[in-house]
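Reading the structure
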Amino acid sequence: MTTRRTRPAPRPPEGTPPRAELARQARHVLADAVRIARWAAVEHGADTAPRTGPVQERAAAALDLTPGQIRAGWDRARLAGLVELHGDTARPGWRLHAWDRDDSAVLRGWVALFDAWSLVHPAPEGVATSAVAEVVEAVPQVLSLLQLSQGPVLVPALLDLLGQRVEELREERCEVPAAEQAPGTADVPSPDGLPALLDWALDGLAAVGALTLDPGPDGRHATLTPLGNWAVWVKLEQICVAAQSPAGNIEQSAEDMLRGCARLTPGPARDEYRAWLAARTLSSAVSELLAVARGEDALLRGLAFEALRVVGAPAEAEVRAAVAEPSLRPYALLWLAEYEGADPDEAQEVLTREESTWLWVDTAAAVADHGESELLVRHLDSAVQGTVPALLDEVRAVGHPRTVQVLVALAAAHPDPALAKAVRRAAFQVHTGGA
């Protein structure tokens, strides 16, 4: 048995303001976003997303803001979880309801905005997406230097560090340096292109209130704000938690991590999800979890969405897109309903009868593959149909690829001979394409 070495979680930076003061600063950063979100919540119509056109003009006039401020504030409101879009209809997010009374909700909303800094400020035109992604991946090192410095750092020093980190990332991926690639083939930033990308990153972080940029006798310098300083500490704390992952799944792929969590109770499993997520960029983690969810193992599909519940707001866009995929649709709809504040016990109401039946079969497949026979029998009680004949009729029609295997396993497990016979008959009919 391997003993995992642990390290103590870092202490908050010296001079960190009290939580209430940090929340006050976060409310100040998001003040316009909150005003716009509340305006949209009051309007609450099918055209109240104030992006462009007459709605934007109405919002600007009502709130005494420019159209540009309305666009920027609306984007921040969405990224911070203050509003949620359902088609063209805007609804208030749970954080908006809790904004004036819950400092934790405010700080979580600001951290969600901080995590999305690269979406707040458009990247320079003409730069490959891979180059932007590489710099985004290297920015945490820049933020760490700013925190360790506990004061202003000249931009050229940050540029040197950014260049070193980019080279390290390329070496880890065994990539050919940009300078050695054939002309016209490089899609990663060259040393000459890094200053513009660093400026973009610093401007984006300044736009969300994480740092300030000021002129000086030796050139521009960057300084973390108290909020930025605190956010970097939070990320370091998460890394320390990840290093102490109790079940040791931090270095595993998403699939292996989820398999390792399959036998854990919900609390320890969530600890593992948090540890695994803390060691990765959220965008890559979300993509990896959804890739597993698209696989054939129904148990891992359900566990992947449990892990995505731990991710929260940063996963919303990709989960919302997953609604269009039949195999993920019921899971994605339930995730979104709970994310939008529905009670987990009532979230099933967002599913159609067909979607609920599909989910029943998928869950039964997970139980058949990984559970015990009595669990599969008890699973009958969770069906929305109420009677076994009605369930079998709808299961046959829903078209789940595992229907036959599920019915065969259920027939073999059920102690009632008459019911087992009916289930076997249904399995045969699905297998042969009969009615």
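Residues numbered from 1 in each chain as written. Predicted model: local features only at pLDDT ≥ 70, side-chain atom pairs only at ≥ 80, totals over all residues. Heavy atoms only, no water.

We now examine the overall build of the chain. From N to C terminus, the chain includes 22 helices and five strands. By the burial criterion, 43% of the 435 residues in the chain qualify as buried. Partitioning the intrachain contacts of the chain with sequence separation of at least 6 by distance along the chain shows that 64% fall at a separation of at least 24. Carbon and sulfur atoms provide 53% of the accessible area of the chain, an area that totals close to 21,900 Å². (Helix = DSSP H or I, 4+ residues; strand = E, 2+ residues; numbered from the N terminus. Buried < 20%, exposed > 50% of the residue type's maximum accessible area, 1.4 Å probe, protein only. Contact = heavy atoms within 4.5 Å. Areas by Shrake-Rupley, 256 points an atom, 1.4 Å probe, with all protein chains shown as cover.)

Phi is positive for Asp64, close to 60°, though the residue is something other than glycine. If you trace the backbone, Asp64 turns up in the loop between α3 (53–63) and α4 (67–79). The class for Asp64 is exposed, based on a relative accessible area of 70%. Backbone geometry places Gln150, a non-glycine residue, at a positive phi of 50°. Following the sequence through the fold, Gln150 ends up in the loop between α8 (129–149) and β3 (153–154).

Here helix α1 (residues 19–29) has its buried residues at Leu22, Ala23, Gln25 and Ala26. Along the axis of α1, the buried residues cluster in a sector spanning 160°; they form a single face. (Arc of directions from axis to C-beta.)

As a further point, take the packing of helix α2 (residues 31–43) against α3. Their axes nearest at 11 Å, the elements α2 and α3 cross at an angle of 115°. By crossing handedness, the relation of α2 to α3 is classed as right-handed. Two secondary-structure elements touch here, α2 through Arg35, Ile36, Trp39 and Glu43 and α3 through Val55, Arg58, Ala59, Ala62 and Leu63. Tallied by class, the residues present in the contact of α2 with α3 amount to six nonpolar, no polar and three charged. (Axes fitted to C-alpha atoms, helices over the stretch in contact; angles between N-to-C directions. Left-handed = near helix turned anticlockwise from the far one by under 90°. Nonpolar A, V, L, I, M, F, W, Y, C, P; charged D, E, K, R; others polar.)

Moving on: the environment of Gln25. By the secondary structure assignment, Gln25 is in helix α1. Taking relative accessible area as the criterion, Gln25 reaches 16% and is therefore assigned buried. Separated by 201 residues in sequence, Gln25 and Pro226 have C-alpha atoms that sit 8.6 Å apart. The residues contacting Gln25, other than those within four sequence positions of it, are Pro17, Pro226 and Leu227.

Here the focus is the side chain of Arg301. Following the sequence through the fold, Arg301 ends up in helix α15 (residues 298–311). If sequence neighbours within four positions are ignored, Arg301 has contacts with Ala293, Arg294, Gly295, Glu296, Ser327, Leu328, Tyr331, Trp358 and Asp362.

Turning our eyes to something else, we now look at the confidence of the model for the chain. Close inspection of predicted coordinates is inappropriate in any region flagged by low pLDDT. Of the residues in the chain, 86% have a pLDDT of 70 or more, and the chain-wide mean is 83. No element of the chain has a lower mean pLDDT than strand β1 (residues 83–86), at 71, and none a higher one than strand β5 (residues 221–224), at 95. Segment residues 1–10 is flagged for pLDDT under 50; beyond a separation of four residues in sequence, or across chains, it makes 19 contacts in the model. Here residues 181–188 is a poorly scored stretch, pLDDT under 50, and it has 13 contacts once near neighbours within four places are set aside; other chains count. (pLDDT = per-residue confidence, 0-100.)

Our focus in this paragraph is the pattern of salt bridges. Applying the stated criterion across every chain, the model contains 21 salt bridges. Asp103 is paired through a salt bridge with Arg27; the nearest N and O atoms lie 3.1 Å apart. Highlighted residues: Asp103 in helix α6 (residues 103–115) and Arg27 in helix α1, separated in sequence by 76 residues. Taking the relative accessible area as the measure of exposure, Asp103 reaches 25% and is therefore partly exposed. (Salt bridge = Lys/Arg side-chain N within 4 Å of Asp/Glu carboxyl O.)

With that settled, the discussion passes to the pairing of strand β4 (residues 211–214). If a strand is regular, its side chains alternate between the two faces of the sheet. Sheet topology note: the β4/β5 ladder contains four bridges and is antiparallel. Bridge pairing in β5 places Thr212 opposite Thr223. (Pairing = 2+ DSSP bridges.)

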